[in-house]
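Letter by letter, the chains look like this.
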Amino acid sequence: MTAGRAHDETIDHSPESGPLDLVADAIVPGAIAGIAGGAVFGAAIVQLGTLDTIASLVRSDSSVVGLAIHVVVAVVIGVGFGLLVWFQRPGVGETLFWGLAYGALWWLIGAATLLPLLSGKPVAWDVEAARRLVPSLIGHLAYGGAAGLAFVAATRRRRNTEDRRPTRGSLARGATAGLVGGLVLAAVLDGQPGRPSISPAMGVMDRPLAGSVIVLVGLLSGLVFAALYPTGIAGSGPALVRGMAFGFLMWLTIGITLVPLAAGDGLRWRVEDLRAGFETLPGYLLFIGAVPALLYQWFTTLGRSLTSDRHAGGDQDGLGVQGLRAIVAGGAAGLVGGTVFSVVIVQVGDLPGIASMVAAGSSTVGFILHLATSVLIGIGYGVFFVRRSNDLNSALGWGTSYGVFWWMMGTLTLLPVLAGGSPQWTVTAATEAFPALIGHLAYGAFLGVVFYRLEVRFDPWWVSRNDAETARADRAAAQLGGSAPALWGLTVLFAVIVPILLTP
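Reading guide: rules and limits
- Residues numbered from 1 in each chain as written.
- Predicted model: local features only at pLDDT ≥ 70, side-chain atom pairs only at ≥ 80, totals over all residues.
- Heavy atoms only, no water.
- Helix = DSSP H or I, 4+ residues; strand = E, 2+ residues; numbered from the N terminus.
- Buried < 20%, exposed > 50% of the residue type's maximum accessible area, 1.4 Å probe, protein only.
- Contact = heavy atoms within 4.5 Å.
- Areas by Shrake-Rupley, 256 points an atom, 1.4 Å probe, with all protein chains shown as cover.
- Axes fitted to C-alpha atoms, helices over the stretch in contact; angles between N-to-C directions.
- Parallel < 35°, antiparallel > 145°, perpendicular 65-115°, else oblique.
- Left-handed = near helix turned anticlockwise from the far one by under 90°.
- Nonpolar A, V, L, I, M, F, W, Y, C, P; charged D, E, K, R; others polar.
- pLDDT = per-residue confidence, 0-100.
- Phe/Tyr/Trp six-rings, centres within 6.5 Å; stacked < 30°, edge-to-face > 60°.
- Core = buried A, V, L, I, M, F, W, Y, C linked by side-chain atoms within 4.5 Å.
- Bend = angle between axes of the 7 residues up to and from the residue.
- Salt bridge = Lys/Arg side-chain N within 4 Å of Asp/Glu carboxyl O.

### Digging into the overall build of the protein
Item 1. Tallying secondary structure elements over the protein gives 19 helices and 0 strands in all.
Item 2. Classification of the 504 residues of the protein by burial places 52% in the buried group.
Item 3. Restricting the contact set of the protein to residue pairs at least 6 apart, pairs at least 24 apart contribute 78%.
Item 4. When the accessible area of the protein is evaluated, it comes to approximately 21900 Å², of which 68% is carbon and sulfur surface.

In structure tokens, the structure reads:
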């Protein structure tokens, strides 16, 4: 294992763990987590008035019967969650994201597949059926998030997580990072036409008060993120992706749920409600989630470097050489990804729009500028994700996640600003930019894979091939022990949700 991964330990379950350990560490805590998640989801089901749908599985229309079935299913699924995360790292943030991904999976298995089949209907795998099931999707995410937190609480003593509790220093770093993100978001929204908001229910709020609320949300979100990751995250790139997923969670929790409930509007979980609140989503992903998470990681890394004498391991170059390798490989991978992306851009005729950033209208200028931007973004990927892509799966996962980030940050935010306008976070603008999302996903996939292949090819010369492969396998195992696979799954979920939200 490489140095600097003190916060990446896996759980110390030996292969000889007996049945009693399985019951105490997975089954019982999983059942408790299922009850907690079921209580949160159940409250939403009561609010939405869909208990009779559940009761129809046993040919009943009784709400009591529906609630009883819901509780039983929640506990059974919770036990499955306990078995899933038994060998994962015990960190709160990692388990939370596994819970969210697990909830989304059961939305697909249960609400979209088993429930229709058991009711004698076809599976709900088309866009129109998925639109009707959006409230159920959010409910399953709520179930998974609550189950993840409850599982950590139920296993805290047995899993020895005392050293992962937030400290004053981590909370201060999180509060500072969140405050910066909130201030930037408030400034961005203040320049937008209409009133700045973080929720459709805040549309009637005065501009100064709305700006203050946005800053407060940023501050509180920073504190929550620090509580989830008190010892930081292994790498700037993974921090960025985790932050983006965290911003999505905050959008669902605050913008779509808590603020409307406080305003007396009830749950705003229908697809029409999410469309109305879509213009608040990029702000959450970028400035409540991704940017503060990246700042928090930098603050944590800086503090650790000032108090630690650790050096690079024997399988690593020095920082200067390693950084140069990352820049060169990232730039080359970005060029490949940008070339692939250009196919989409040419088809939709966006090259003149790109050229407008430098007050030009030529497609040739636009193409050159696009490739140059692709190289720069690729360099950023190389610096952020150096030694984080340990196999093709992680290369695709991190690459596509990075592509989604740059669709939000680039196409919907920076590109309109550089063209002399303001960020375009509306449903209309996102619908027009949907082909660019596909292009960014393709760009990210090629970027991640090419960068991974270049990293493998140019390992330090003094490290044998076997040692290099062993180090990569160790890093891959540690990555799988965290929430990286869950984050990649949530990225896929986001890519699926966007067309559902944008379809009128």
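What follows continues from the structure just given.
### Notes on the packing of helix 15 (residues 392–418) against helix 17 (residues 434–457)
Item 1. Look at helix 15 against helix 17: their axes get within 7 Å of each other, and the N-to-C directions meet at 140 degrees. The angle between helix 15 and helix 17 places the two elements in the oblique class. For helix 15 against helix 17, the interelement crossing comes out right-handed. Between helix 15 and helix 17, the residues in contact are L392, A395, L396, G399, T400, Y402, G403, V404, W406, W407 and T411 and A436, L437, H440, L441, G444, A445, L447, G448, V449 and Y452, respectively.
Item 2. Partitioned by chemical class, the residues of the contact of helix 15 with helix 17 number 14 nonpolar, 7 polar and no charged.

### Digging into the confidence of the model for the protein
Item 1. On average, residues of the protein score 84 in pLDDT, and 86% of them are at 70 or above.
Item 2. Helix 6 (residues 134–155) holds the highest mean pLDDT among the elements of the protein, 94, whereas helix 18 (residues 465–481) holds the lowest, 70.
Item 3. Between residues 1–12, whose pLDDT stays under 50, and residues either more than four places distant or in other chains, the model counts 26 contacts.

### A few points about the packing of aromatic side chains
Item 1. The full count for this structure, using the stated rule, is 19 aromatic pairs.
Item 2. Seen in terms of ring centroids, F81 and Y102 are 5.4 Å apart; in terms of plane orientation they differ by 50 degrees. Their pairing is tilted. Residue F81 is located in helix 3 (residues 63–85), and its partner Y102 is located in helix 4 (residues 92–118); the two are separated by 21 residues in the primary sequence. Side by side, F81 and Y102 carry an identical accessibility label, which is buried.
Item 3. Relative to W488, the ring of W398 lies with its centre 5.4 Å away and its plane at 90 degrees, an arrangement referred to as edge-to-face.

### Section: the nonpolar core
Item 1. Core analysis: the largest hydrophobic core is formed by 120 residues, its most contacted members being F248 and W407.
Item 2. In terms of residue count, helix 9 (residues 236–262) provides more of this core than any other element does, 14 residues in total.
Item 3. For W407, the residues in contact, after removing those within four places along its chain, are L412, A430, A433, A436, L437, H440 and V498.

### Description of unusual backbone geometry
Item 1. One non-glycine residue with positive phi stands out, namely R387, at about 60 degrees.
Item 2. Using a relative accessible area of 14% as the deciding quantity, one classes R387 as buried.

### A word on the side chain of H440
Item 1. Counting through the fold element by element, H440 comes out in helix 17.
Item 2. When residues no more than four places from it in sequence are discounted, the contact partners of H440 are F341, G403, W406, W407 and T411.

### Here's the deal with helix 9
Item 1. Of all the bends found along helix 9, the most pronounced is centred on W251 and spans about 30 degrees.
Item 2. Summarising burial for helix 9: 23 of the 27 residues are buried, a large majority.

### Here we look at the packing of helix 1 (residues 19–48) against helix 6
Item 1. Remark: helix 1 packs on helix 6, axes separated minimally by 7 Å, with the N-to-C direction vectors making an angle of 145 degrees. Along this stretch, helix 1 crosses helix 6, giving a crossing that reads as right-handed.
Item 2. Among the residues forming the contact of helix 1 with helix 6, the class breakdown is 16 nonpolar, 8 polar and 1 charged.

### Considerations on the pattern of salt bridges
Item 1. A full pass over the atoms with the stated rule returns 4 salt bridges.
Item 2. In this structure, R268 and D265 form a salt bridge, with 3.7 Å as the shortest nitrogen-oxygen distance.
Item 3. Taking the shortest distance from any N to any O, the salt bridge between R268 and D273 comes out at 3.2 Å. Across the pair, exposure class does not vary: R268 and D273 are buried alike.

### Quick word on the environment of L219
Item 1. Its place among the elements puts L219 in helix 8 (residues 207–228).
Item 2. Along the sequence, L219 and G174 sit 45 residues apart, while their C-alpha atoms lie 7.9 Å from each other.
Item 3. The residues touching L219, leaving out its near neighbours within four places in the chain, are A175, G178 and L179.

### Quick notes on the environment of P423
Item 1. Considering the arrangement of structural elements, one finds P423 in the loop between helix 15 and helix 16 (427–432).
Item 2. Residue P423 is classed as buried on the basis of its relative accessible area, which comes to 10%.
Item 3. Spatially, the C-alpha atoms of P423 and Q192 are 7.8 Å apart, while their sequence positions differ by 231 residues.

### Here's the deal with the environment of Q347
Item 1. Of note, Q347 is situated in helix 12 (residues 319–348).
Item 2. When the C-alpha atoms of Q347 and P435 are compared, they prove to be 9.4 Å apart, with 88 residues separating the residues in sequence.

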